[in-house]
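Listed here are the chains, written in short residue letters.
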Amino acid sequence: MSSYKPNIVNFKKASSSEKDGLYEFTMHLADGTECRVFYQRYPEWTMTNISRLQKTPCPVCRKDYICKCMDQYKSDLEQQLHDNNWLEKAAAE
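Rules used in this analysis
Residues numbered from 1 in each chain as written. Predicted model: local features only at pLDDT ≥ 70, side-chain atom pairs only at ≥ 80, totals over all residues. Heavy atoms only, no water. pLDDT = per-residue confidence, 0-100. Helix = DSSP H or I, 4+ residues; strand = E, 2+ residues; numbered from the N terminus. Salt bridge = Lys/Arg side-chain N within 4 Å of Asp/Glu carboxyl O. Buried < 20%, exposed > 50% of the residue type's maximum accessible area, 1.4 Å probe, protein only. Core = buried A, V, L, I, M, F, W, Y, C linked by side-chain atoms within 4.5 Å. Contact = heavy atoms within 4.5 Å. Phe/Tyr/Trp six-rings, centres within 6.5 Å; stacked < 30°, edge-to-face > 60°. Lys NZ or Arg CZ within 6 Å of the ring centre and 35° of its normal.

Under an unreviewed UniProt entry, the name given to the chain is Zinc-ribbon domain-containing protein, and the source organism is Paenibacillus zeirhizosphaerae.

Shown next, in the form of structure tokens:
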């Protein structure tokens, strides 16, 4: 694994289906990378998918097209989201 360390600086709700417990968020990282993150709320918050938005090249592989590099950082990103209560704050918007 590379020495890349993602750091979340902003996390906002993009859309949701409250009835089904499905949420879509946009996540901005310190290096300028933007990601779209999908979560299911019930029975507990679970990340179902993460994808990098095509605004800047991938900070890991430097490709400027679709890649799955952010998948390998899911646990680190989820830990940051949990530690800073990003999910609860964004879901309440």
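From this point on, the discussion continues.
Draft legend 1. Expanded view of the confidence of the model for the chain. Confidence in the prediction for the chain averages 92 pLDDT; 98% of positions are at 70 or higher. Across the chain, the secondary-structure element scoring lowest on mean pLDDT is helix α2 (residues 86–91), at 89, and the one scoring highest is strand β2 (residues 22–29), at 96.

Draft legend 2. Fine view of the pattern of salt bridges. The tally for this structure, following the rule as stated, stands at 4 salt bridges. For Lys13, the salt bridge identified is with Glu18, shortest N-O distance 3.6 Å. Accessibility expressed as a relative area gives 44% for Glu18, which makes it partly exposed. Between Asp20 and Lys19 there is a salt bridge, with its nearest N and O atoms 4.0 Å apart. The exposure class assigned to Lys19 is exposed, which follows from its relative accessible area of 75%.

Draft legend 3. Summary view of the nonpolar core. Counting 21 residues, the largest nonpolar core has Phe11, Met27 and Tyr39 as its most contacted members. When residues of this core are traced back to their parent elements, those giving at least two are β1 (8–17), β2, β3 (34–40), β4 (46–52), α1 (74–83) and α2. When neighbours within four sequence positions are excluded, Tyr39 is seen to be in contact with Gly21, Leu22, Tyr23, Phe25, Trp45, Thr46, Met47, Thr48, Glu78, Leu81 and Leu87.

Draft legend 4. Representation of the packing of aromatic side chains within the structure. Going through the model one piece at a time under the given rule, you end up with 7 aromatic pairs. With a centroid separation of 5.3 Å and 80° between ring planes, the pair formed by Tyr4 and Tyr73 is classed as edge-to-face. Taken together, the residues span a long stretch of sequence, with Tyr4 in the segment before β1 and Tyr73 in the loop between β4 and α1 at a distance of 69 residues. Residues Tyr4 and Tyr73 agree in their burial class; the two are buried. On the numbers, 4.6 Å between centres and 25° between planes, the contact of Phe11 with Phe25 is stacked. Of the two residues, Phe11 sits in strand β1 while Phe25 sits in strand β2, which places them 14 residues apart along the sequence. Each member of the pair, Phe11 together with Phe25, is buried. Just above the ring of Trp86 sits the side chain of Lys89; from NZ or CZ to the centre is 5.8 Å.

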